[in-house]
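# Structural features, examined
Listed here are the chains, written in short residue letters.
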Amino acid sequence: MANMNRDSRHLLISEIDHERDPGPMNIQFESSDLRSKRPFYIEPTNIVNVNHVIQRVSDHASAMNKRIHYYSRLTTPADKALIAPDHVVPAPEECYVYSPLGSAYKLQSYTEGYGKNTSLVTIFMIWNTMMGTSILSIPWGIKQAGFTTGMCVIILMGLLTLYCCYRVVKSRTMISSLDTTTWEYPDVCRHYFGSFGQWSSLLFSLVSLIGAMIVYWVLMSNFLFNTGKFIFNFIHHINDTDTILSTNNSNPVICPSAGSGGHPDNSSMIFYANDTGAQQFEKWWDKSRTVPFYLVGLLLPLLNFKSPSFFSKFNILGTVSVLYLIFLVTFKAVRLGFHLEFHWFIPTEFFVPEIRLQFPQLTGVLTLAFFIHNCIITLLKNNKKQENNVRDLCIAYMLVTLTYLYIGVLVFASFPSPPLSKDCIEQNFLDNFPSSDILSFIARIFLLFQMMTVYPLLGYLARVQLLGHIFGDIYPSIFHVLILNLIIVGAGVIMACFYPNIGGIIRYSGAACGLAFVFIYPSLIYIISLHQEERLTWPKLIFHVFIIVLGVANLIVQFFM
Amino acid sequence: MPNTAMKKKVLLMGKSGSGKTSMRSIIFANYIARDTRRLGATIDVEHSHVRFLGNLVLNLWDCGGQDTFMENYFTSQRDNIFRNVEVLIYVFDVESREPEKDVHYYQPCLEAILQNSPDAKIFCLVHKMDLVQEDQRDLIFKEREEDLRRLSRPLECACFRTSIWDETLYKAWSSIVYQLIPNVQQLEMNLRNFAQIIEADEVLLFERATFLVISHYQCKEQRDVHRFEKISNIIKQFKLSCSKLAASFQSMEVRNSNFAAFIDIFTSNTYVMVVMSDPSIPSAATLINIRNARKHFEKLERVDGPKHSLLMR
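Residues numbered from 1 in each chain as written. Chains lettered and ligands numbered in written order. Predicted model: local features only at pLDDT ≥ 70, side-chain atom pairs only at ≥ 80, totals over all residues. Heavy atoms only, no water.

## Focus on the confidence of the model for chain B
Residue and element names in this part refer to chain B. Here chain B shows a mean pLDDT of 79. Residues at 70 or above account for 82%. Note that residues 1-5 has pLDDT below 50 and, in this model, four contacts with residues that lie over four places away or in other chains. This model gives residues 305-313 a pLDDT under 50, and the stretch forms 24 contacts once residues within four places in sequence are excluded. (pLDDT = per-residue confidence, 0-100. Contact = heavy atoms within 4.5 Å.)

## So, a nonpolar patch on the surface
Taken together, Leu 340, Phe 342, Trp 344, Phe 345, Ile 346 and Ile 355 of chain A make up a surface patch of nonpolar side chains, about 660 Å² in accessible area. Its relative accessible area of 40% is what places Ile 355 of chain A among the partly exposed residues. (Patch = residues over 30% accessible without salt bridge, like charges linked within 9 Å, V, L, I, M, F, W, Y side chains within 5 Å. Areas by Shrake-Rupley, 256 points an atom, 1.4 Å probe, with all protein chains shown as cover. Salt bridge = Lys/Arg side-chain N within 4 Å of Asp/Glu carboxyl O. Buried < 20%, exposed > 50% of the residue type's maximum accessible area, 1.4 Å probe, protein only.)

## A few points about unusual backbone geometry
As a rule of thumb, non-glycine residues mostly have phi less than zero, and peptide bonds are mostly trans rather than cis. Residue and element names in this part refer to chain B. Here the bond from Arg 153 into Pro 154 is cis, since omega is 5°, no more than 30 degrees from zero. By secondary structure assignment, the location of Pro 154 is in the loop between helix H6 (137-152) and strand S6 (157-161). If you check the backbone angles, Lys 128 has positive phi at about 65° while not being a glycine. Note on placement: Lys 128 falls in the loop between strand S5 (121-127) and H6. Residue Ala 246 is not a glycine yet carries a positive backbone phi of 55°. Relative to the helices and strands, Ala 246 resides in the loop between helix H9 (227-244) and strand S9 (252-255). (Helix = DSSP H or I, 4+ residues; strand = E, 2+ residues; numbered from the N terminus.)

## Digging into the packing of helix H6 (residues 138-145) of chain A against helix H7 (residues 147-171) of chain A
Residues and elements named next belong to chain A. In contact at an axis separation of 6 Å, H6 and H7 are set at 120° when each is read in the N-to-C sense. The pairing of H6 with H7 is recorded here as oblique in orientation. Between H6 and H7 the crossing geometry is right-handed. Together, Ile 138, Ile 142 and Ala 145 of H6 and Phe 147, Thr 149, Gly 150 and Ile 154 of H7 make up the contact between the two elements. Looking at the contact of H6 with H7 residue by residue, the class counts come to five nonpolar, two polar and no charged. (Axes fitted to C-alpha atoms, helices over the stretch in contact; angles between N-to-C directions. Parallel < 35°, antiparallel > 145°, perpendicular 65-115°, else oblique. Left-handed = near helix turned anticlockwise from the far one by under 90°. Nonpolar A, V, L, I, M, F, W, Y, C, P; charged D, E, K, R; others polar.)

## Thoughts on the packing of helix H3 (residues 59-72) of chain A against H9 of chain B
The description of two packed helices rests on the angle between their axes and on the distance between the axes. The contact between H3 of chain A and H9 of chain B brings their axes to 9 Å, and the two run at 25°. One element, H3 of chain A, and the other, H9 of chain B, form an angle in the roughly parallel class. For the pair H3 of chain A and H9 of chain B, the crossing hand works out as left-handed. For the pair formed by H3 of chain A and H9 of chain B, the contact residues are Ser 62, Ala 63, Lys 66, Arg 67, His 69 and Tyr 70 of chain A on the first element and Glu 229, Lys 230, Asn 233, Ile 234, Lys 236, Gln 237 and Leu 240 of chain B on the second. Of the residues contributing to the contact of H3 of chain A with H9 of chain B, the split by class is four nonpolar, four polar and five charged.

Below, the structure is given as structure tokens:
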């Protein structure tokens, strides 16, 4: 009815117009009015000379713009009926923001890494992040577990942690009631377990971070010491005729802990005759007494920086170090040859049995070696094809497992067993090469530099998580930050002085933080979400409870080994 | 309902959720008054009184109702619905998961048309084409077109592929309107004469309710192929703004140093847009020309007599 009236009014008006003298029926165009009538959005093509066409907006885009404007007038803001779907509007990287001052710029947050990584890049990033210093302890872990058991354990742990990682990735999608696109795994834990979940995930995350930082400090002291010793020996042309047990050929391998009955000790027994200079050097350059403190002067200032983005540029050093280690191990294996003998249960003078009861030490190390669960969601978020996430994750885990297997098996197999016992394999396998060996010297330098650039990053992460949650501000004041850094560095120094067994530190911290992030949280959250959806079946429940029990056992048994 | 026997109908039909309400809202510049996630199908014969091409009334029907009540109502009212139909526009959702069911509901409509309004023109719109990947669109549309042509025999149907997110919807409806005008060639010739006399760059003739382009004349190549739809959207948006102030849009002049454009009511069912690129010609001259042409074109419509009811008042 209303439309009819309107239409008939139309006719009336046009009739009247026929009689009236039609003056200029146009918009008022007095210049004084001009500014008040000027629109704030003008398509440039409309006001330039038709002849020179500076087309900044394509016809297609301009038509789409008008279309969207018009459609938006047809509905209420709450109605979603005529909202342009994503496949119709330009992609985020084609959007420009026009400032009224005349310039146009792209929004950085739109274009930066927004789902733009190909599968290959994602797989590489996952591999790179997972490859840590635990690679140095894998041969020792295989030795502790026995060769056959070691290989089986590595593969099984890889599969188990892969499954738990898959659970972590899928945990976000099971929450349908909220928008979880910006969530990381601690947010998921908080959703399910309340603030207890948030605090406990923070605590365990800190355990892994601080454990890693302590290991780094021990290793850095080690590498710095060896590097310094190499340089000193090189300059003074001292030939290290150690009384340390070693092989007598061009590829020396040493057994540092043989003399002290299996107790890892940091003093090397070198005797120099009448050489006070070297003795002075010995006094001031000691692996456990002095070098850790020199590092303090080097690294403590770096820890206090507000933003470590400078250090993230050195990320590539990590990859280079791992690749170099692979090369080093291959080279040494070629030179030394394989020395394997299979004794199943009884240890011999030079070999260890294939199946040993200390294999949980290997599982502890591997829990940290395969740990990426607290940041996997962020890494996969930038994958261009999200549907390939699971496939890429599996490929990455497979590559990591292969790398660990390769290095572990080669070092173990090529360890020269007739003169030395397999039991000599150190928790840091580079320790089995004397400090005069050039190739391992290069490896130590690489790793030293890499660790010195990663250490401030780890410190930053720990600071952000701890201070951010306690004080709400990631940089409350220089004093807070300084105290935190002193505590962390102090812990590292103490460990480097009194308990420099990186294998031990790795397995304790690995089992502890793995307990939460790898075993308990993913399985528990899956069980709870299934229960909420009424899809929980007995096999699934039993399987996931079994995983939780494995995790707890993993931690407990570390203390008995 | 005695009045509906006099008015000829345009039936807009299709399965529930195929996009008819959005389409109608966009073409006719009506507000979508309610949430389109409806719980029930559209049951409303008096749905719109939009006058379209003179005295045509647009009726919107959902086909393929959700329950037997709808089915029964539809069947019992069938003759009423399909009598006096000038145009049947049937909308198919290209993403439909049950294409056989779509056909199942389309065929009874065809039968009813054959019985009650055998002279009706039939148009089939394959809608929501933006959901199909670009390189597959032509192929899929050709398949559907063949199927529909085959199914519609002995009636003739014209098929279009449409999407509300590109220019295809506007073009399809413009083609439909073009085919509904009986003397469109004569109209175009007169329009060309008119344009050449007044030395215009371009002259467009719009349908009054929907601003669909009925015919146009241009004396030189224009760069923007989307300009018809853009003008239509701009004016419809302006009409919506005017209606908020209880004002009705009648005419518009846009002028700058490069051109002058005049949009004005022309005949009782059309609007005209005249674009002059010679800024030295004063507005008054063009407006007088338009006024005189108006009288001529109205005579044209009346000359065609009562047989061609489309453009009659």
